[in-house]
Amino acid sequence: MSYQPLLLNFEEAAELRTALGTDSLLGKALARDIEKTDAYMAEVGIEVPGHGEGGGYEHNRHKQNYIHIDLAGRLFLITEDQKYRDYIVDMLTAYANVYPTLESNTSRDTNPPGKIFHQTLNENMWMLYASCAYSCIYHTLSDAQKSHIETDLFKQMIDLFVVTYGHDFDIVHNHGLWAVAAVGICGYAINDQESVDKALYGLKLDKVSGGFLAQLDQLFSPDGYYMEGPYYHRFSLRPIYLFAEAIERRQPELKIYEFNDSVIQTTSYAVFKTAFPDGTLPALNDSSKTISINDEGVIMATSVCYHRYEQSETLLGMANHQQDVWVHIAGKTLSDDVAKADNIKPFTWGSLYVTDGPKGEKGGVSILRHRDQNDDDTMALIWFGQHGSDHQYHSALDHGHYDGLHLSVFNRGHEVLHDYGFGRWVNVEPKFGGRYIPENKSYCKQTVAHNTVVVDQKTQNNFNTALAESKFGSKHFFNVQDENFQGMSGRISGYYEGIDMQRSVILADIEEFEKPLVIDVYRILADAEHQYDLPMHYSGQIIRTDFDYQVESTLKPLGEDNGYQHLWNVGSGKVEGSSLVSWLHDNSYYSLITSANSESEVIFARTGANDRDFNLRSEPAFIFRQSGANHVFASVLETHGYFNESIEASVGARGLVESVTVIGTNDVATVVELKTTTGNSYNFAICNLDEAQQDATHSVEFEGRTFTWNGAFAQV
């Protein structure tokens, strides 16, 4: 068979050509790519800069070079415009002219340097995309041009990755995925099957110790979840799909899309399913607050899953939300069907539990979702998986955070209770070179930065990675009785010595309330007395409380370490019975009502203390502080009302929930009571027995009242 480009053969390119000038998703993507590539070619031309800081001018120029020659390659095949071919030839020739003479760049972390970038990860990405571009013009090149580009550029890059840095090549890690995909795609592009085999099967060619198949077999849980969290998971989708498409075209007998029970689909869906209703991905471990399903890898995955696996309404909804498709034959399939659809509903994956760990044995992520008649989605998430690092790889790349039982809540178009995410200014060179800032360790990874209980102002697992890697949570229950009454619960043990924790969340759509209530019951069992802090991070403006508080005239940090040194003590108040804090975020009011004992305190805090470089975002939080041995925090988040400043409208600024009380708790169950301003009361029971014992009839007596129900939780 004659040489065909790797990702888009000549026949497919002709099909995509028909979308030029149309207003379809593919037509718009092509117009965007043409405009962007033409502008870059005209403005920059051919420039091969020297070494530079991560995020600096040189780094970005090398990055933009590979992005645009990749775009130019597909545009050459689709438009047949010679200028794109000539641009790629000139760019690859310019790099081939200098690459053999380049010294190694300077590494800024434990990832080894490349010749053009400060870390090999970026060099892998450069070679991968440059190889895709090369395959698009291969058939137009003379033997002399091929020899120069392959000998002085691509073969030297392959040697750098599989020989010089061979000790890293077989690491099963998201960086390892980029390495094997880059070498494999380059091997296909230059007809070097020996390098392809190393990329597929590992340097030992055993399919186990390394290589793409080992990566697919070992990186993900049975449900497809990746331990580092959605941010790094979505980053892994690009090399997976680029290499998989090349494999499917050059070695279809491998049936890569069917490999390991179609793991490529399973792991893609694991990313899709964690997304908030607005498309952003939850901040689990080191994560950006802005990465969403509009990420390039997720767009690729959406298109290919639709093209190769299933033509579902949910994937159509994702594409309609993304308003984008991959410029590829898979993207055309999806684009055509979006254009033909009459009414595409907003995407939703429903409520689900996703396991973590290679065998699904290390906890996971539970998500409850509810959609109302106006297609507004409420989502609550708790995380209790394994520590999100791969310690066999470079320890400085530990992306794990130390918290278990973190809670995030989303509704009315935004995250209501949220996680800080990572401390990093990506590619902003003046901010610590665009790398992870020191505050990522001193604040973002600390437990107080998450919506989970902090004991004695210390971080879970003593901020010790080896200890954290030995710990993981477990599912206590996950049950969707119906869309209007759903529950999830997780447990962690020994994250603090001598302390067990269980967090149960019920999403209850009750007729009296505008939106589903988020009922949060956090149970702590301890062998001694401790101080317990439950922080809740939010956005917006405080509207009212039902307790008196004092505002500090002089700001001081809340503590000296474990993240507290970065929190200003803005104010505080003593509370009894329960405490109510209400705030306004965009057009919606929220009230959080939390049970309290006689020695309780609510602290108003804000990030920014001891932050001399202004690295941290200034964001508010409440901290509910209580002391004791065994303890239960019972909270209810109520969404209510509407605010529109432009028309001076405010409706329902006061919520209906008045108080929350823990009626009682023991080994069998915890019962909490909600009282409303309308005189109603609602009781909810959470079963505390192990999962195997929950599917039965339970009965407890507290304060002379008997509560009886069936199952893991109930309204009683």
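Just so it is clear, the model here is predicted, and its values are computed rather than measured.

Notes on the overall build of the chain
- Per the secondary structure count, the chain includes 17 helices and 27 strands.
- Its C-alpha atoms give the chain a radius of gyration of 27 Å, within 12% of the compact-globule value 27 Å for 716 residues.
- Surface summary for the chain: the accessible area is close to 26,300 Å², and the carbon and sulfur share equals 46%.
- Side-chain charges in the chain split into 54 positive and 97 negative, and the spacing between the mean points of these groups amounts to 3 Å.

Re the packing of aromatic side chains
- Within the structure shown, the criterion is met by 33 aromatic pairs.
- When the ring of Phe220 is compared with that of Tyr226, the centres are 6.1 Å apart and the planes differ by 70°; the resulting orientation is edge-to-face. Comparing Phe220 with Tyr226 shows no difference in burial state: the two are buried.
- A network of ring pairs unites the aromatic residues Tyr538, Phe547, Tyr549, Trp583, Tyr590, Phe604, Phe622 and Phe624 as a single cluster.
- The ring of Tyr3 has Arg250 sitting right over it, with the charged end atom 4.9 Å from the ring centre.

Describing the pattern of salt bridges
- Inspection of the entire model under this criterion finds 30 salt bridges.
- In this structure, the salt-bridge partner of Glu296 is Arg238, at a minimum N-O distance of 3.4 Å. Note that Glu296 is positioned in helix 13 (residues 296–309) and Arg238 in helix 11 (residues 230–250), a separation of 58 residues in sequence.
- A relative accessible area of 37% places Glu296 in the partly exposed class.
- The exposure class of Arg238 is buried, given its relative accessible area of 11%.

Quick look at the sheet that holds strand 9 (residues 499–508)
- Spatial ordering of the open sheet is given by 7-8-9-10-19-16-15-12, a layout of eight strands whose pairing is antiparallel. Single-partner strands in this sheet number two, and they are strand 7 (474–482) and strand 12 (541–545). The sheet shows a mean angle of 15° between the axes of neighbouring strands, taken without regard to direction.
- Strand direction decides the pairing type here: strand 9 and strand 10 (residues 517–526), joined by 10 bridges, are antiparallel. Bridging across to strand 10, Val505 finds its partner in Asp520.

Calculation rules
Residues numbered from 1 in each chain as written. Predicted model: local features only at pLDDT ≥ 70, side-chain atom pairs only at ≥ 80, totals over all residues. Heavy atoms only, no water. Helix = DSSP H or I, 4+ residues; strand = E, 2+ residues; numbered from the N terminus. Rg over C-alpha atoms; globule rule 2.2 N^0.38 Å. Areas by Shrake-Rupley, 256 points an atom, 1.4 Å probe, with all protein chains shown as cover. Lys, Arg positive; Asp, Glu negative; His and termini not counted. Charge placed at Lys NZ, Arg CZ, Asp CG, Glu CD. Phe/Tyr/Trp six-rings, centres within 6.5 Å; stacked < 30°, edge-to-face > 60°. Buried < 20%, exposed > 50% of the residue type's maximum accessible area, 1.4 Å probe, protein only. Lys NZ or Arg CZ within 6 Å of the ring centre and 35° of its normal. Salt bridge = Lys/Arg side-chain N within 4 Å of Asp/Glu carboxyl O. Pairing = 2+ DSSP bridges. Axes fitted to C-alpha atoms, helices over the stretch in contact; angles between N-to-C directions.

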